[in-house]
Each structure stands twice: as C-alpha cells, then as structure tokens.
Amino acid sequence: MDRIGRYRVVRPLGHGGMGHVFLVHDPTLERDVAIKLLHREPTRTSLRDEARALAALSHPGIVTVYEIGEHEDQDFIAMEYLPGRSLREVLASKTSTREELLAICAAVARAVDAAHAAGILHRDIKPENVVVAKGGGIKVVDFGLARHLEHTDRPTSRAITANDVIEVFRRTLPPDSAFGGVDTEVSAGTQTMFGTPAYMAPEVLLGEPSTKASDIYALGVTVYECLTGRRPYTAISLLEVIAQTIDGPPPTLDDPLGPLVDRMLARDPAQRPSLAEVSRGLTRTATVAPPPPPRRWLRLMGAVAAAGLVAGGSWMLARHQATPPPVTASVAIAPFTFDVKGYGVEPPHAEAVAEVLSRLVGEVRGAHLIATTTGSSDAGVSATYLVHGTIATARGELRATLDVVEVATHAPVATHVIERPASELAPLLDDVTDEIARVIAPGASLDRSRNPMRAQMFARLGAPVLEAGHFTEARPYFEQAVDADPKMFDGWYELGLVLAWMDASDAEVRVATEHALALAPPGPKHELVRGVRAFVAGDTSGARAILEPLESVSGPGAPDPRELYYYLGESNWHDGRHAAAFAYFEKVLKRDPRFKPATVHAWQYAVVHQDVAAARYYIGLAGDTEDWAEHAAGNYAQLATSGTREHAFEAKLVLGQLDGPELGEKLAATDLDGASYQVALAIARGDRAAAKAAFATAWARAIANLDPDSVIYALDNLGEVVLSAELTDEARTIVAFLAAHSKQRPARNYLRFSILTTQLARDPALLVRDHASERMRSLADAIASSLAGDHTAAAAGLHALVDDPTFSYDYPERAALLRELAPGDKTAATLCAALDAPPIVHPALLVLRAECQRRVQRPDQRPDQRPDQR
C-alpha cells in the first residue's frame, strides 16, 4: 500500500487494536502522521462519531486527531505521530522509579478526566494505550474508539454468576482467545468486543454499558501493575480473569496507595473515586519521598563536622528535623462558591481554586496534612476533615467564609471569615490555608517567604491548562506562582497573558506585564514581552512594529514561534487586519494544532467569511460547537430543528419564526441582553416609543445593580441595536458612560460606538481618534466624509469595512452604510439580500430587516437627511 487518501505511506507501525496503524507523511502540512486504518465493521458510523468527538477535544495528554476519512471503503483516523515507548515497554524495562510510574498514571488520570468532561469514554485503558513520548510528556491513545461490550444473548441481571458469563464467552469467542493469555483482545465476526478483559470492570463483563467508573477501574488495574509489577489477579487464562474479576475484588494492596487503589477496584462503581481525586492522590504520593538516602546524611554530617558542630549530637537533631513528620490529618477541599465582581468576564474557576488550596494545605509546615479535592458534600469523602465555604466581594474587598467539618461526625469544627483587598485572591488563599492549619494542627502554618519550588509547581500545573485555552481555570495557578515567588518571570508573563485574554481589569493586566518586562532576559524574549505589553495596553500598531522584526530571529534565544505568531495574529486582528491575522493563526496551528488560543479567531474568521471547510476544521480544533459551521453554510432550516438551543433560536430568527417560546424568554429577561431584543422587536414593529421605554428601564436597572465593568461587558448587543435603530439619545447615553470609564485606555467598544454615534448626532466632537486601531481610523474617516456631505466617500469607506467584517458581523456599520446610499443603489439591494442568511445572528438583524423593508416601501428617502428627521 503506497497511499491512504492523500497521505503517503512510510511504513507500517503494527496492529492497533481496532485496525492496522501506519506511519504516513502529510504532503500538505509537511509532517509525519499516524493513521489507523479501521477494520470493516457494521457499526462504523458510531466509530466515526466518537472519532469526531475526540477530534474536537484538545488536551496535552490526549493524542490529537487530525482527520477522519475513508480509503477504499475503510474508515481511517489520522492522528498525531508519537515516537516513544508505551507504558508496557516502560514497565518491562524496569528502569523507571516508583515516582516516575505514578506521575505517568496521574497524567493519564488527568487526560481521561478531561475526556470525561467532554462526554468521551476510553473503554480500553491499559499500559499499551499510554505513550511516554521521546520529547517528554504522556499521551493516551485509542481514546474513545473502543466500543461497548454488547452481546445480544447475554444475561444482563446483576445476579448472574461468573459461570454464566464464562459460558457466553465460550460460545462467542474464538477458542484461542478463551484459553489464551490475559492480553488477548477479542474481535469476533458478529458479536464484537473491544477492550482488554484483564482491565475491564466487573459491571462491563456482566454486560452493562461502559461508564466513567469503568474507566477508573481500568486505570486502577494499571496503577496496581505499576506498583507491584503484576495485575491484581493471579489468573493465567482469559476465562480465569473474567471469573476472578466478577467473583470479587482482589486482596488489599499493602502500599501507602492501597486504600486509593482498593477504591478504584471496588466492585460497586459508585464507590470508586473521581479521576480528579485519583490524580491528586497519585501525585501527592509520588512526591512524598521515603526517608532520605544515606548519601544525603553523609553530606550533612560532613557539613556539620566542618562547622565544628559534631559534639552534642547536633547532626542527629538535624536529621530528625529533615524527616517528614507523621501524617496529622487528611483534608478534603470542596469547591468554594464564588460571588466575585471585577475578576474578569468569568468568575474564578472553583475547581482550580480548590486544587490550589489542596496543594497549599500540603505545603503547610509543622504538620503533615494530606489534602485532596472533592464535591460539595461530605458524603463518601475519605478524609478526616471537609473544608468548604464562599468567597464574595463585599465593600470593595474579598471576603472568604471558611467552614471546617469533621467528616465522621458531620460536626462543624470551625467557621472563620477572612478579608483581603479585591485584587488579592492569591494571598487570600494563603490566609485560608493558614486558618485550616490552625484549626486542624495548631502551630502549623504556610511558609510565606519566597518559595521558588512552590512557584514552579503552580506554574507547571497552569501551563497545560493555559495551552488548552482554559484561561479562567489557569489564572489561579499563575497568581499563586507569583505569590510564592514575585521574581518569577515565567509566572508573571503567563499571568499577563491570562489576564488579558479573560478581560481582567486594566490595572491588573498592566501590573503583570510590567513585572514580566522588568524580569525578562535581554534579547528577543525581552522584545517579545515588550510587544505583548504594547498589545495588552491597546497599542496594536505599536505591538506589530515591535513583533514583526522578531520573525527573522532564529537560533538560541529566539522566541517561541507559536507565541510570536499568535501575538502578531492578535495584534493584526485587533487592528482590523483580519486576513493578515488569519494567516498568522494558520502558521501557529500548522506548527501545533493543539495551541487552542490561536483557534478562536481562526474559526471566527472562517465563519464570518462563510468559508465552510475552514470553519469546520478550526471549529474542530477549538472544540466549539459545529453549529457555527452550519451558520456559515446558511443551513438555518436544519439548525432550527437540530441545533443547540441558542443556535436553534437564532436560526428561527433568520427564518422569521418569531412566535416561539425562545423569543418570549428573551423578551422577558431583565438584563441588558434581554433589553436588546425588546428594543429590536419594538423597532421592527415601528414602535420607537416602546423601544425607548425598554432601553430606559433596562439602563436604569443596570446602573443601579451592576458594577461598571459588568455594564461595559454586557453592552455589546444593546449598543449595536441602539446604533442600528438610530436611537440617537440612547446612543449618546452609552457613549458618555463608556467615555467616563476610559481613563487609562478606551473602554470596550467606546471608540466604535462614539464614532458611529457621530453619524446619528451629526456632532464632530464625538469623532474620537485617540488610541484608535487601523480599522477604527478607517471608520472615523468614513463618518467624517458623511459629516462633510460626501456620501460617496462615506459609503465607499463603510463598504470596505463590511466586506471584511468582524465576528459581530458589524450590524451597526451595515446600518450606517444603508444611510449613506442613494435610493435605488444596487449596493443596498445586495446588503439587504445578505440578511437572508447571515453567518452571525444578532438582535440588530430585526432592525436592519425592518429598514430594508422600509426602503422598498419608501424609495424616495434621501441619504442626506439627518437621522433624527427620518
């Protein structure tokens, strides 16, 4: 076989369970790829569906799927090529330490947990499906592709015995499989089973569907094997494995991890721990070192002797103090409830904060506290104490209310309130940790001095989360990293990126980027950070000027091309140079399709420009909903019946189906987004008085109940509707509010809304150009032409902008263009026709459609009339 689809076959890599695996070369992207050519199966549709789901999942511990295709009537899956060794080969080599093996298993737990969160099961976790890559890192392969065990003639009652199941297997499996080794992977013609019985949970062997808990069982077998060098059962044949697995759990493992592994192998799936708990237990056990080796004490003794302190047994005291104290207590941290304002567009990530707290509790000095995270209830918690609470904003400060409960008795042990300034979440978590230590182990506390090792730990935890594009989840790790070591360049640099991406306050973004710049090593890295600082400060053109020369830098010290191209893409995007930005994002994703931040604007560009093929590809990399691609394709009838709730509603809006319950829910909403639909529908009915009243009510409620940042970020929809509807006074109200909050740099949408309001109010004072991007300067030039009466130039400038739209589809700019066009202008007809299938749906669509209808009915309307005279 020379080719599989467009791929050139290099060599076979062996058999991969469900098919043959080949190393191939992708001539388009110039990279090596692994292809699994799947066996012909009657259930190929479900396999492809699961492969597509996996392709949408981005995680550093999961093999990346690039493409699902067909070759000579066989499905194939093109995926990341992973040179390295399987965990089975690592175990066979007997060269890895216990700590290294547990770290591998912890990485597997995190990867499988991420897949479970995306609705994907593995169903065949075993050492053969874990790859230790040559360049470092752990990858789980064959993810989500193994199928449920489905035997139509098998009894399904939990009361059946091992003999019942064995008899079914005797009838359905090939003879060699029934009496062969425990690694046998079965594939029979009509009744197919994928999954290795030695790693399959009892309930799956009994015929029940695979679940998250059955994946946890399989990982438990793998952990058992890593700890002992053998599987939990002493079986020598497949049927003995089945019998022993169904008859009962294996003997308790005599190991510090024994209780955790016992729970993972519990017969009752409900008793198995979560994968998050497994990951933390494995990680913490791997890092709890046994007593130091003798060589360390020889070095210590030599140092003591040299200092003249041998007498009096001082070295024995030093040795005693270096030995970890006995375990004082185990603590389970439940995710806190957050009601925090000003943190950014999203609240703190509760699970990430709980993980940070559990790590901090484990760092307490003066006691040996084992900490894990858990759910919000103490039901099923295997710890001495449960910690939960709330963190809220009160009087401009963060207030943590902390509750410690004794799990065995459900009795409250302590309640405490801690306050910090609003921006100090990391020090607040330090305070919470100290309070937990004080309650459980009086005299113990967290070391608050500079701690580079702790900083590195949190930075390592945050790095894969950040790379996966989960900014709010990554933020607590980097905040804690710089809290532990304020001189940590990487921590400040990554924190600055996170804060900018999640629209945190200007002050916080500036502080982080200034710290990073001050700590950056001289050379290209320093220039990269300087460019990033310019970008986050809103100087997109300045950022481009700094970053573009770095493209020619190569060799040692050169910046990471992914970061450089990404920020060149972002700088171009926010400067309104969308095509150039898209080209940079493509460069990033050709180098690393897993670099999720670069996927966001890439798929947005493809959708809004209605490039359906590119939209599907980049949406798949981003893990966003495929419904966006259906918008790009104009498949609104399909979306209206099969899309997600929001996308189905928007499809109905395009189709003119305005009598459904979804629109009623939007109109009944009391927030600013609800007001945008109330105003838009009133304008569509021709009732401007009702539109103005709806705006006034919503605005008064928002100003009274929301902080300014929340109003700014909620204004987009309402502001665009107001501008499209020519509500001049209301537009002035919004612009004045945004201007008042543009002290350091322009508040979100201030320049755009102010420039567009200029056309409505005919007020040159509103034509603000300070800090304007290239796109905003072009918009200002077009509106200036309108004020000067040059409608031809104004229309030309606005037309160029809507031909290269932003992801909002620029409804206000389209409305402004319609105002500049003469009656009968063909551009107006084209613009209105595009509203039949817009790639991005917005409540302003109702306003523009109404304007298009009025143009047909009143073609005598003149473009030089003032908006308030229309």
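As shown above, the structure is provided for reference.
Please read these numbers as outputs of a predicted model, since none were measured by experiment. (Residues numbered from 1 in each chain as written. Predicted model: local features only at pLDDT ≥ 70, side-chain atom pairs only at ≥ 80, totals over all residues. Heavy atoms only, no water.)

**Points about the pattern of salt bridges**
Step number 1: For the structure on display, the rule yields 46 salt bridges.
Step number 2: The residue Glu 225 makes a salt bridge to Arg 88 at a minimum N-O spacing of 2.4 Å. One end of the pair, Glu 225, is in helix 7 (residues 212-228); the other, Arg 88, is in helix 2 (residues 87-93), with 137 residues separating them in the sequence. Grouping residues by exposure puts Glu 225 and Arg 88 together as buried.
Step number 3: The partner of Arg 533 in a salt bridge is Glu 514, with the nearest N and O atoms 3.2 Å apart. In this pair, Arg 533 sits in helix 19 (residues 524-536) while Glu 514 sits in helix 18 (residues 506-519), placing the two residues 19 residues apart along the sequence.
Step number 4: Owing to a relative accessible area of 38%, Glu 514 belongs among the partly exposed residues under this scheme.
Step number 5: One connected set of salt bridges, linked through shared partners, spans Arg 420, Glu 424, Asp 431, Asp 434 and Arg 448. (Salt bridge = Lys/Arg side-chain N within 4 Å of Asp/Glu carboxyl O. Helix = DSSP H or I, 4+ residues; strand = E, 2+ residues; numbered from the N terminus. Buried < 20%, exposed > 50% of the residue type's maximum accessible area, 1.4 Å probe, protein only.)

**Re the state of the cysteines**
A covalent bond between the sulfur atoms of two cysteines is what we call a disulfide.
Step number 1: On inspection of all chains with the given rule, the structure shows one disulfide.
Step number 2: The residue that forms a disulfide with Cys 832 is Cys 852, at a sulfur-sulfur distance of 2.0 Å. Of note, the bridge from Cys 832 to Cys 852 carries an S-S torsion of about -85° and is left-handed in sense. Of this pair, Cys 832 sits in helix 38 (residues 826-833) while Cys 852 sits in helix 39 (residues 844-857), and the two are 20 residues apart along the sequence.
Step number 3: Cys 832 sits in the buried class, given a relative accessible area of 19%.
Step number 4: Using a relative accessible area of 9% as the deciding quantity, one classes Cys 852 as buried.
Step number 5: The structure places no disulfide on Cys 105, whose sulfur is separated from the nearest cysteine sulfur, that of Cys 226, by 3.6 Å.
Step number 6: A residue is classified by how much of its surface remains accessible, and Cys 105, at 1% relative accessible area, is buried.
Step number 7: Using a relative accessible area of 9% as the deciding quantity, one classes Cys 226 as buried. (Disulfide = S-S within 2.5 Å.)

**A short note on helix 32 (residues 716-724)**
Every α-helix winds through 3.6 residues per turn, so residues three or four apart in the chain are directed the same way.
Step number 1: Across the nine residues of helix 32, eight count as buried, placing the element largely inside the fold.
Step number 2: Looking only at helix 32, the buried set comprises Asp 716, Leu 718, Gly 719, Glu 720, Val 721, Val 722, Leu 723 and Ser 724.
Step number 3: Glu 726, located one to two residues past helix 32, shows a positive phi value of around 60°.

**A short note on the pairing of strand 13 (residues 385-394)**
Step number 1: Pairing geometry for strand 11 (residues 337-339) and strand 13, over three bridges, is parallel. Within the sheet, the bridge partner assigned to Phe 338 lies in strand 13 and is Ile 391.
Step number 2: Alignment of strand 13 against strand 14 (residues 397-406), held across 10 bridges, turns out to be antiparallel. Bridge pairing in strand 14 links His 388 to Asp 403. (Pairing = 2+ DSSP bridges.)

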